[in-house]
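The primary structure of each chain is shown beneath.
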Amino acid sequence: MHSIVALCMVASLATLLSAYSSSIQKVDIKQGLLLCLSFFAFVLALGTKEVAVALIPMLAIIGAWFHLKEKKPFYRLPYAIYWIAVSTLSLLYAHKQYLTQKSSIWVESGVFELSFQMLARIPIALLDVFVPISKLIHQENAILWFLLSLGLFGYVLVRFRFDRAVLFGLFAAVCAMLPVLFFQADTWWQPLPSRYPYRAR
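Rules of the game
Residues numbered from 1 in each chain as written. Predicted model: local features only at pLDDT ≥ 70, side-chain atom pairs only at ≥ 80, totals over all residues. Heavy atoms only, no water. Helix = DSSP H or I, 4+ residues; strand = E, 2+ residues; numbered from the N terminus. Buried < 20%, exposed > 50% of the residue type's maximum accessible area, 1.4 Å probe, protein only. Contact = heavy atoms within 4.5 Å. Areas by Shrake-Rupley, 256 points an atom, 1.4 Å probe, with all protein chains shown as cover. Core = buried A, V, L, I, M, F, W, Y, C linked by side-chain atoms within 4.5 Å. Axes fitted to C-alpha atoms, helices over the stretch in contact; angles between N-to-C directions. Nonpolar A, V, L, I, M, F, W, Y, C, P; charged D, E, K, R; others polar. pLDDT = per-residue confidence, 0-100. Parallel < 35°, antiparallel > 145°, perpendicular 65-115°, else oblique. Left-handed = near helix turned anticlockwise from the far one by under 90°.

(A) Geometry of the overall build of the protein. When its secondary structure is counted, the protein shows 9 helices and 0 strands. Each helix and strand of the protein, placed in order from N terminus to C terminus, yields the pattern α-α-α-α-α-α-α-α-α. Sorting the 201 residues of the protein into buried and exposed places 40% on the buried side. Long-range contacts, defined as pairs at least 24 residues apart, comprise 74% of the intrachain contacts of the protein with a sequence gap of at least 6. Summed over all atoms, the accessible surface of the protein reaches about 11900 Å², with 70% contributed by carbon and sulfur.

(B) Highlighting the nonpolar core. Counting 29 residues, the largest nonpolar core has Leu16, Met58 and Leu59 as the members making the most contacts within it. Listed by contribution, the elements that provide at least two residues to this core are α1 (2-21), α2 (29-48), α3 (55-69), α4 (77-101) and α8 (164-181). Here methionine 58 is in contact with Met9, Leu13, Phe168, Phe171, Ala172, Cys175 and Ala176, once residues within four sequence places are set aside. Among the nonpolar cores identified, the runner-up in size contains 17 residues, and Val129, Ile133, Phe153 and Leu170 belong to it.

(C) Structural detail: the packing of helix α7 (residues 142-159) against α8. Packing of α7 against α8 brings their axes to within 9 Å, and their N-to-C directions diverge by 145°. Listed contacts from α8 to Phe153, Val156 and Leu157 of α7 are Val166, Leu167 and Leu170. Each residue belonging to the contact of α7 with α8 can be placed in one class, and the counts come to 6 nonpolar, no polar and no charged.

(D) Region of the structure containing the confidence of the model for the protein. Per-residue confidence for the protein gives a mean pLDDT of 79, with 77% of residues at or over 70. Per-residue pLDDT, averaged within each element of the protein, yields its smallest value for helix α9 (residues 197-200) (53) and its largest for α2 (91).

(E) Structural view of the packing of α1 against α2. The N-to-C vectors of α1 and α2 enclose an angle of 160°; their axes lie 8 Å apart at closest approach. If you check the angle between α1 and α2, you find them roughly antiparallel. Handedness of the crossing formed by α1 with α2: left-handed. On the side of α1, the interface is formed by Ile4, Val5, Cys8, Met9, Ala11, Ser12, Thr15, Leu16, Ser18 and Ala19, while α2 contributes Gln31, Leu34, Leu35, Leu37, Ser38, Ala41, Phe42, Leu44, Ala45 and Thr48. Its residues assigned to classes, the contact of α1 with α2 comprises 14 nonpolar, 6 polar and no charged.

In structure tokens, the structure reads:
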């Protein structure tokens, strides 16, 4: 299921980017078809696994960039319908998940809990996406790995601050990890289980 939801997420993002990358002079059948495919993949992703909620901010940042920075007109009917549909479905899905999960066994037993401490796992989890370190990190060197990963991604952000592909890639990687980041872990530095990082990859 994890591979299926990852495939649907990539398909939704790729087809939306393709639609926006088309000519801005007019909206043609190709753009409308790409938007339909993006929405269809979005629906499939949400219906496959709850972690697909990470797709919502990824789509939003793509839309915001093209409409605000690239001056793509939002009012054109296919794009307006697409974003109304995505926004409506996102709100309904968020409401449904809230009602379902607030009294679930994962929340009531403390397996899933929002904690600022778990946010410290982000740099280490990101590094583990690119360089598997789960066998190398332990209690004695966890701080060193944390500082190394923090410095590395800080450098990347500064060095590639004008590279949209790199910035979006890091943003997407963080979004992909956030839904599972707050599951109970033995330590604050523990990398994510192997079934999760590939969505960020």
